[in-house]
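Listed below are the residues making up each chain.
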Amino acid sequence: MTSRMTARMVPVLLLAVAAHACARPVRIPSAGDTAAAAERAGSRTPARAPDVDVVVENHNSSDVTVTLQGAGGRRVRLGNVSGSTTRTLRFAAELAAASQPLSLIAHPIGARETFTSERFTVQPGQQVVLTLGSRIGQSSVAVH
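What counts as what
Residues numbered from 1 in each chain as written. Predicted model: local features only at pLDDT ≥ 70, side-chain atom pairs only at ≥ 80, totals over all residues. Heavy atoms only, no water. Helix = DSSP H or I, 4+ residues; strand = E, 2+ residues; numbered from the N terminus. Polar contact = N/O pair within 3.5 Å; in protein donor to acceptor, adjacent residues only side chain to side chain. Contact = heavy atoms within 4.5 Å. Salt bridge = Lys/Arg side-chain N within 4 Å of Asp/Glu carboxyl O. Buried < 20%, exposed > 50% of the residue type's maximum accessible area, 1.4 Å probe, protein only. Pairing = 2+ DSSP bridges. pLDDT = per-residue confidence, 0-100.

**Re the side chain of Thr-65**
Relative to the helices and strands, Thr-65 resides in strand β2 (residues 64–69). A distance of 2.8 Å separates a polar atom in the side chain of Thr-65 from a polar atom in the side chain of Asn-80. Discounting residues that sit within four places of it in the chain, Thr-65 has contacts with Arg-77, Gly-79, Asn-80, Ile-105, Ala-106, His-107 and Ile-109.

Encoded structure:
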């Protein structure tokens, strides 16, 4: 490395070190932090409603994509569940809080058929169990 090149790099390195030293890590407050801060401040901010768990029991050999369909046809992809496994997916309580009918859609990856559950309502904190049969059409949903 030549001294001319080193001389050019020094200001750049000093600037990088100064920027790093001045940077503060960004911390996104959790729900517990917000509730504790509100309690300290004496306000009565309502606690956030618990999310809704969707337990997917996949008895099908295919991996399946699970989607939540709300009122008006709005869809939210919850995730994938591998073949012959059980996995818990979750969606925000706000989607259930309006007591609007919801349904679950299960689509085996690479297949043409899809299971759409009957409509159901669920309250925040309740659990939905989606049981996918070995044939996707033999599937069911229950709310607990």
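**Topic: the pattern of salt bridges**
In total, this model carries 1 salt bridge according to the counting rule given. Residue Arg-90 is joined to Asp-53 by a salt bridge in which the shortest nitrogen-to-oxygen separation is 2.8 Å. With Arg-90 in strand β4 (residues 86–91) and Asp-53 in strand β1 (residues 52–58), this pair connects stretches of sequence that are 37 residues apart.

**Remarks on the environment of Leu-132**
Note on placement: Leu-132 falls in strand β7 (residues 127–132). On the basis of relative accessible area, Leu-132 is assigned to the buried category, the value being 0%. As for Leu-132 and Val-64, which are separated by 68 residues in sequence, their C-alpha atoms are 9.2 Å apart. Beyond its immediate sequence surroundings of up to four residues, Leu-132 is in contact with Val-56, Glu-57, Asn-58, His-59, Asn-60, Val-64, Ala-106, Phe-115 and Ser-139.

**Structural notes on the pairing of β1**
Of all 7 residues making up β1, 5 are buried, and the element is well covered by its neighbours. Bridging between β1 and β4 involves 6 bridges; their strand directions are antiparallel. Of the residues in β4, the one forming a bridge with Val-52 is Phe-91. Summarising the sheet, β1 and β7 pair through 6 bridges and their orientation is parallel. Counterpart to Glu-57 in the pairing with β7 is Thr-131.

**Quick look at the sheet that holds strand β3 (residues 75–81)**
Taken in spatial order, the 4 strands line up as β3-β2-β5-β6 in an open sheet, and their pairing is antiparallel. Bordering the open sheet on either side are β3 and β6 (115–116), each of which pairs with just one other strand. When strand β5 (residues 103–108) meets β6, the two strands line up antiparallel, connected through 2 bridges. Bridge pairing in β6 places Ala-106 opposite Phe-115.

**So, the confidence of the model for the chain**
When pLDDT is averaged along the chain, the result is 80; 67% of the residues meet or exceed 70. The low-confidence segment residues 15–31, where pLDDT is below 50, has 2 contacts with residues more than four positions distant or belonging to other chains.

**Observations regarding unusual backbone geometry**
Positive phi is not limited to glycine here, since Ser-84 has a value of about 60 degrees. One can find Ser-84 in the loop between β3 and β4. With relative accessibility at 55%, the residue Ser-84 sits in the exposed group.

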